[in-house]
Amino acid sequence: MEAIFNELVRAVHAGRRFVDTALIETRGSTPQKAGARMLVFEDGTQQGTLGGGCIEAEVRRRALGILNEGSREILTFQLDNDYGWDDGLICGGRMQMLVDPVRPGEDNTYFDKLNELVQSRRGFTESILINPDKAGGGLAGDRQLWDDQGRFQISRTGELPSTTVQRELRSVADRPRPYLADGVSYLPQLERCRLIIVGCGHVGQSVAKLASQVEFDIWGVDDREEYCSHERFPEAQQLIVGDIKQTLQDLEIDANTYCIIVTRGHHHDEEALFHLADRGARYVGMIGSRRKIKLIFEDLLREGISREALADVYAPLGIDIGSQTVPEISVSIVAELVAHRNLGALPTGYRRGSLMDDIAHKANRSVTETPGEATPQA
């Protein structure tokens, strides 16, 4: 989604004429859900998608029709015999689209503010009025931007939003999905999560490429400059070459940080996990065989890392899809990261069993089977 916002702002600054379209409300079964976005340029080209097929073609046709003199409007499509037959979309769903022409010479400061919020990476919400009667005023298609703290930033119309709009606003910290309330569509853009990849070998490189496409901010950490380079990680926001222990000690970790440990060896994996296991990251995962991970966990327990912290580590990381090759391994890892980010935790059946149970069982059995010293007689 960041890519289409960036393209939108570039088009505004270049003085291009285009239409900003957004899917703002769906009901039933639809090929895309609220939040999808598409830019339609005056030459008929587009950026993004609203789901493809005849509906997207009709939105593009209507968008080009209002580009010269029209104003914002909301289009409604029912996926029945009129829309969907040729594409197999006869499913009874409904889609509502915002179609908003953007022309040079008009007041487009709304999009400058949009760009500012996108670049902050802290998240924001766009509210779009669908039903003025329910919302307590305004015009259909009115748009407002709210920052990550729920503070009003700007309206596309220049008017203040109704109190109803602000009342129904949800915090982006709760990571809400797009929703509809009192005739207003809310399209939250969630705070970007940072993915720290410890180990810039083949797996780390493959994960970075895929994770950046699903909107993680990529940070790479390695002690080898030839591996931790912009040539190998062009999508990275930051690359840190240095001693892994010192680097991770000094690195800021917060509740929007994801960490994966995919170094070249047992020693580096253990060192990295020691400095990440109980730092408050949203997710920590480590690659490796169950035997290797069990040995590392046992070492870290002796070094003072708590059982609770290790129980929260995803190891072996990645959803079990029978991965064999580096691309397959990266798919399994990124699928787990996306599921965790979007759902808050992995659904039952996707997470591998915790090795801490095995370690606890082994420790208890050892205590039971080891003869104790004889009790002195009085």
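Residues numbered from 1 in each chain as written. Predicted model: local features only at pLDDT ≥ 70, side-chain atom pairs only at ≥ 80, totals over all residues. Heavy atoms only, no water.

With that out of the way, let us pick up the overall build of the protein chain. When helices and strands are tallied, the protein chain shows 12 helices and 15 strands. Look at the contacts in the protein chain between residues 6 or more apart in sequence, and 60% of them connect residues 24 or more apart. Put simply, the protein chain shows about 18,400 Å² of open surface, and 47% of that area lies on carbon and sulfur atoms. (Helix = DSSP H or I, 4+ residues; strand = E, 2+ residues; numbered from the N terminus. Contact = heavy atoms within 4.5 Å. Areas by Shrake-Rupley, 256 points an atom, 1.4 Å probe, with all protein chains shown as cover.)

At their nearest, the axes of helix α1 (residues 2-13) and helix α3 (residues 109-120) sit 10 Å apart, and the two run at 145° to each other. Note on packing geometry: the crossing formed by α1 with α3 is left-handed. Packed against α1, whose contacting residues are Glu-2, Phe-5, Asn-6, Leu-8, Val-9, Val-12 and His-13, the element α3 presents Phe-111, Asp-112, Leu-114, Asn-115, Val-118 and Gln-119 at the interface. In terms of residue class, the contact of α1 with α3 is made up of seven nonpolar, four polar and two charged. (Axes fitted to C-alpha atoms, helices over the stretch in contact; angles between N-to-C directions. Left-handed = near helix turned anticlockwise from the far one by under 90°. Nonpolar A, V, L, I, M, F, W, Y, C, P; charged D, E, K, R; others polar.)

Sheet strands pair via backbone hydrogen bonds, and the direction of the pair is either parallel or antiparallel. Ordered by their spatial adjacency, five strands build an open sheet running β8-β7-β6-β10-β9, and the pairing between neighbours is antiparallel. Since the sheet does not close on itself, it has two edges, and those belong to β8 (152-155) and β9 (179-181), each with one partner. On average, each strand axis in the sheet is inclined to that of its neighbour by 25°, with strand direction left out of account. Bridge analysis of strand β6 (residues 124-129) against strand β7 (residues 143-147) gives five bridges, and the strand direction is antiparallel. (Pairing = 2+ DSSP bridges.)

Before going further, it helps to spend a moment on the sheet that holds strand β15 (residues 283-286). An order of β13-β12-β11-β14-β15 is seen for the five strands of this open sheet, with the pairing classed as parallel. Each edge of the open sheet is held by one strand with a lone partner, namely β13 (238-241) and β15. The sheet shows a mean angle of 15° between the axes of neighbouring strands, direction not considered. With four bridges joining them, strand β12 (residues 216-222) and β13 adopt parallel strand pairing. Residue pairing in the sheet places Trp-219 in a bridge with Gln-238 of β13. Each of β11 (193-198), β14 (257-261) and β15 is contacted by helix α8 (residues 266-276), which is oriented at about 160° to β14, the strand it contacts most.

In this model, the protein chain carries an average pLDDT of 88, and 89% of its residues clear a pLDDT of 70 or more. Model confidence for the protein chain, summarised as mean pLDDT per element, is weakest for helix α12 (residues 355-369) at 55 and strongest for β14 at 98. Overall, residues 84-90 carries pLDDT values under 50, and its contacts beyond four positions in sequence, including any with other chains, amount to 12 contacts. Below pLDDT 50 for its whole length, residues 366-378 participates in zero contacts with residues either more than four positions away or in separate chains. (pLDDT = per-residue confidence, 0-100.)

On to the nonpolar core, then. Of all hydrophobic cores here, the largest spans 27 residues; its most connected members are Ile-196, Leu-248, Leu-273, Leu-276, Met-286 and Phe-297. Sorting the residues of this core by element identifies β11, β12, α7 (244-250), β14, α8, β15, α9 (290-302) and α10 (307-311) as the ones contributing at least two each. Every residue in contact with Leu-276, bar those within four places of it in the chain, is listed here: Val-198, Leu-248, Ile-253, Cys-259, Ile-261 and Val-284. Listed in part, the 26 residues of the second largest apolar core include Cys-200, Val-207, Val-262 and Leu-317. (Core = buried A, V, L, I, M, F, W, Y, C linked by side-chain atoms within 4.5 Å. Buried < 20%, exposed > 50% of the residue type's maximum accessible area, 1.4 Å probe, protein only.)

A few words on the packing of aromatic side chains. Applying the stated criterion across every chain, the model contains eight aromatic pairs. Geometrically, the ring pair formed by Tyr-110 and Phe-111 is edge-to-face, given 5.5 Å between the ring centres and 85° between the ring planes. Per residue, the accessibility class of Tyr-110 equals that of Phe-111, and both read buried. Measuring from centroid to centroid gives 4.7 Å for Tyr-179 and Tyr-186, while their planes differ by 10°, and the two rings are stacked. (Phe/Tyr/Trp six-rings, centres within 6.5 Å; stacked < 30°, edge-to-face > 60°.)

A word on the pairing of β7. In terms of burial, β7 is largely enclosed, as five of its five residues are buried. On β7, burial covers both faces: Arg-143, Leu-145 and Asp-147 on one face and Gln-144 and Trp-146 on the other are all buried.

By secondary structure assignment, the location of Arg-37 is in strand β2 (residues 37-41). Residue classification places Arg-37 among the buried positions, given a relative accessible area of 5%. Looking at Arg-37, its side chain comes within polar contact range of the side chain of Asp-20, at 3.1 Å. Side chain to side chain, Arg-37 and Glu-126 meet in a polar contact 3.2 Å long. The residues touching Arg-37, leaving out its near neighbours within four places in the chain, are Met-1, Ile-4, Phe-5, Asp-20, Thr-21, Ala-22, Gln-47, Gly-48, Thr-49, Leu-50, Glu-126 and Arg-143. (Polar contact = N/O pair within 3.5 Å; in protein donor to acceptor, adjacent residues only side chain to side chain.)

So, on to the side chain of Asp-148. Tracing the chain through its elements places Asp-148 in the loop between β7 and β8. The exposure class assigned to Asp-148 is buried, which follows from its relative accessible area of 17%. A polar side-chain atom of Asp-148 sits 3.1 Å from a polar atom in the side chain of Gln-149. Those residues in contact with Asp-148 that lie beyond four places of it in its chain are Arg-122, Gly-123, Phe-124 and Val-172.

For helix α11 (residues 326-343), built from 18 residues, the straight-helix expectation of 26 Å at 1.5 Å per residue is met to within 8% by its first-to-last C-alpha distance of 26 Å. Listed as buried for α11 are Ser-330, Ser-332, Ile-333, Val-334, Glu-336, Leu-337, Val-338, Ala-339, His-340 and Arg-341. Turning to α11, the residues buried within the fold contact β11, α6 (202-213), β12, β14 and β15. The first or second residue beyond α11 is Gly-344, which carries a positive phi of 90°. (Expected span 1.5 Å × (residues − 1).)

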